[in-house]
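What follows is each chain in one-letter form.
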Amino acid sequence: MRKKTVLLHSSKVLILLLASLFSLFPFLIMLKSSLEPYTSIVSLDFHMLPQNPSLNNYIDVCKNYPILRWFFNSSFVAATAIVINMVVDIFAAYTLARIEYPGKKATNTMVLCAQIVPVQVIVVPLYLMMVQWNWVDTYRGLILPVAISPFIIFFLKQSFMQIPRALDEAAMIDGCSRVGVLRNVILPNSMPALGTSVVLKFMWIWGDYMWPSLVSKSTEMRTLPVAVATFQRAGGTYPWELIMPAAVLSSIPIILLFLFLQKYFIAGFTDGAVKG
Amino acid sequence: MLQMTKTRKKDAIEAYAMLLPAAILLILFMLWPMINSVYYGLFKWNLVGDKVFVGLDNFRFMFLQDKSFQRALFNTVGYTVLNMLLTLTLSLGCALLFEKTNKLSVAGRCIAFIPVVVPITVMGMVWKMIYEPQFGIINQAVSALGGQGPQWLYDSNIALVAVVIFNVWKEFGLYTIIFIGGLHKIPKELYESASIDGSGPWRTFWTITLPMLRPIMYFATTILLINSFKAFDHIWVMTGGGPGNATTTLVTYIYSKVFDNVGLASAASFVLFAIVLLITLIKAHVGKDGEVDA
């Protein structure tokens, strides 16, 4: 019996290791290739450790492309969109969760409908709108269309509704206004949900491709993921020694964020996303 | 009485004021484009010239004549079926494996989740290198074992499968987490009574775990279904819809038509919307019968 448990346990560990290897292997390849010259990347004898490792690729990619500008674009777009998004979504969620007003059902339905509509369905007219407004190749074009999230409105509304109404009423008797209640009662009591919303939104915007690829025309206005996908040499070959360091730079921030704030990421998908 | 109507009125004014910013953004950037997308679908238009009203001609053309649209639909369905099959199996397996709250399982969950958070197009580029027929890792491993690997993304018979495998790698951690959430909701007593009745792990899985996972299963399946129909970013970056039309999906079709045929792109968008709406409605309907708690 004892022996069987040990065997079962070690086989579990083995499967776990294999599964982890499956998930991590592409990252190892990416890191390794970012440190070695092109000839080693395309060489036909496989090696797990980088040959002649150096940071030359990182220096080259910074010299040849406006990597820092793209990094700034990605960060700036994500940060601004999140700030607008949180302010707008918190007010909307609070209203839907707590205040009775005529037309509440209609607004609820509107948010629900918007939640169903995939970006992929509306990009064409949205892009045309940007062309008409001269918003192509501008930060407002990159930011404002993604500065609202019906999913987060619903997610926050759900979390606000779990806070006992008695707390609101007590604060109101003490003379708090609506906004005061929101600031002193609702927000402090829903920190995990707020953290999750910020983290999810950051992940979505940082990794977004379709919208920024349409609305950014010039090289300078691209975001990192869009830019990385455009690296190509004349003749159709790929400069892997430049793509890999750029790929490392675009994935490290979000991986670090995830490692530090995992519980918010994971809570978003177990509680929030499951409740839809 | 007067007091009450007064507070009511004040409530309403405050409510509208607080909803206003969200309403403006929602209407401007989501609902209005949605309506426009239906409208543009009825025109022939290439951005520079005049819009010409053609009624349902775009839809007629796509479904009856346009080979690339038919191929896109076919590919999207194939992509969806394969993607769902592989993702659900792998993530359910990993969920059962990582369900415990010991350090090892938590680490496993975390690692499986890392691919979910990184930008999909960036990892698509990395996998494009991994798939390279000559020096790519996979084919080097195959030839080290004495075999001959396929051309992967350059082989029109395999490209779609290769793209699906990448997507499974990228997303399975998400569904693993969702399933673990579901597993944790199953009452422990059920397992205890099953083991008293002498039920083995295999039987317990089929008679308790799987039936109790039903609500989560519905949820995960619909999300996965919708996401598969919307597949675009990684496909565009890895193959651009090629070779030929081998990996053209609904959304790559839409994207490639944005600049030269707005009407057709909008009509195809509407088809995608109809599919997503249908899945959502079915989910809402079936979900009600299947929900155990909630």
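Rules of the game
Residues numbered from 1 in each chain as written. Chains lettered and ligands numbered in written order. Predicted model: local features only at pLDDT ≥ 70, side-chain atom pairs only at ≥ 80, totals over all residues. Heavy atoms only, no water. Contact = heavy atoms within 4.5 Å. Buried area = accessible area lost by both parts, 1.4 Å probe. Salt bridge = Lys/Arg side-chain N within 4 Å of Asp/Glu carboxyl O. Polar contact = N/O pair within 3.5 Å; in protein donor to acceptor, adjacent residues only side chain to side chain. Helix = DSSP H or I, 4+ residues; strand = E, 2+ residues; numbered from the N terminus. Nonpolar A, V, L, I, M, F, W, Y, C, P; charged D, E, K, R; others polar. Axes fitted to C-alpha atoms, helices over the stretch in contact; angles between N-to-C directions. Parallel < 35°, antiparallel > 145°, perpendicular 65-115°, else oblique. Left-handed = near helix turned anticlockwise from the far one by under 90°. pLDDT = per-residue confidence, 0-100. Core = buried A, V, L, I, M, F, W, Y, C linked by side-chain atoms within 4.5 Å. Buried < 20%, exposed > 50% of the residue type's maximum accessible area, 1.4 Å probe, protein only. Domains from an automatic or database assignment.

### A look at the interface of chain A and chain B
Taken together, the 86 residues of chain A in the interface contact 85 residues of chain B. Roughly 7700 Å² is buried in total at the junction of chain A and chain B, and carbon and sulfur atoms are behind 83% of that figure. Along the contact surface separating chain A from chain B lie two salt bridges. Its salt-bridge partner being B:Glu14, residue A:Arg178 comes within 3.5 Å of it at the nearest N-O pair. Linking chain A with chain B are eight residue pairs in polar contact (both at pLDDT 80 or more), by the criterion used here. The element best represented in the side of chain A that touches chain B is helix 1 (residues 2-34) of chain A, accounting for 15 residues. Looking at the side of chain A that touches chain B residue by residue, the classes come out as 67 nonpolar, 14 polar and five charged.

### Here we look at the environment of A:Leu96
All names here are of chain A. Along the polypeptide, Leu96 turns up in helix 4 (residues 67-98). Along the chain, Leu96 and Met129 lie 33 residues apart, while their C-alpha atoms are 29 Å from each other. When sequence neighbours within four positions are dropped, the list of residues in contact with Leu96 reads Tyr101, Lys104, Thr107, Asn108, Val111, Ile153 and Lys157.

### So, the packing of helix 4 of chain A against helix 8 (residues 150-161) of chain A
Helix packing for two helices is described by the angle between their axes and how far apart those axes are. Residues and elements named next belong to chain A. Contact pair helix 4 / helix 8: the axes reach a minimum separation of 8 Å and the direction vectors enclose 50°. Between helix 4 and helix 8, the interaxial angle falls into the category oblique. Helix 4 and helix 8 meet at a crossing whose hand is right-handed. Where helix 4 abuts helix 8, its residues Asn85, Met86, Asp89, Ile90, Ala92, Ala93, Tyr94, Leu96, Ala97 and Arg98 lie against Ile152, Ile153, Leu156, Lys157, Phe160 and Met161.

### Re the confidence of the model for chain B
Residue and element names in this part refer to chain B. In the predicted model, chain B carries a mean pLDDT of 87, and 96% of its residues have values of at least 70. For chain B, helix 13 (residues 262-290) is the element with the lowest average pLDDT, namely 83, and helix 5 (residues 120-130) is the one with the highest, namely 94. Within the model, the stretch residues 289-294 combines pLDDT values under 50 with seven contacts to residues more than four positions away or in other chains.

### What to know about the nonpolar core
Counting 179 residues, the largest nonpolar core has A:Leu156, B:Met62 and B:Met123 as the members making the most contacts within it. If you tally residues by element for this core, the top one is helix 7 (residues 159-185) of chain B, at 15 residues. Both domain 1 (1-56) and domain 2 (65-275) of chain A contribute no fewer than three residues apiece to this core. Ignoring anything within four residues of it in the chain, the contact list for A:Leu156 reads A:Met86, A:Asp89, A:Ile90, A:Ala93, A:Ala193, A:Leu194 and A:Ser197.

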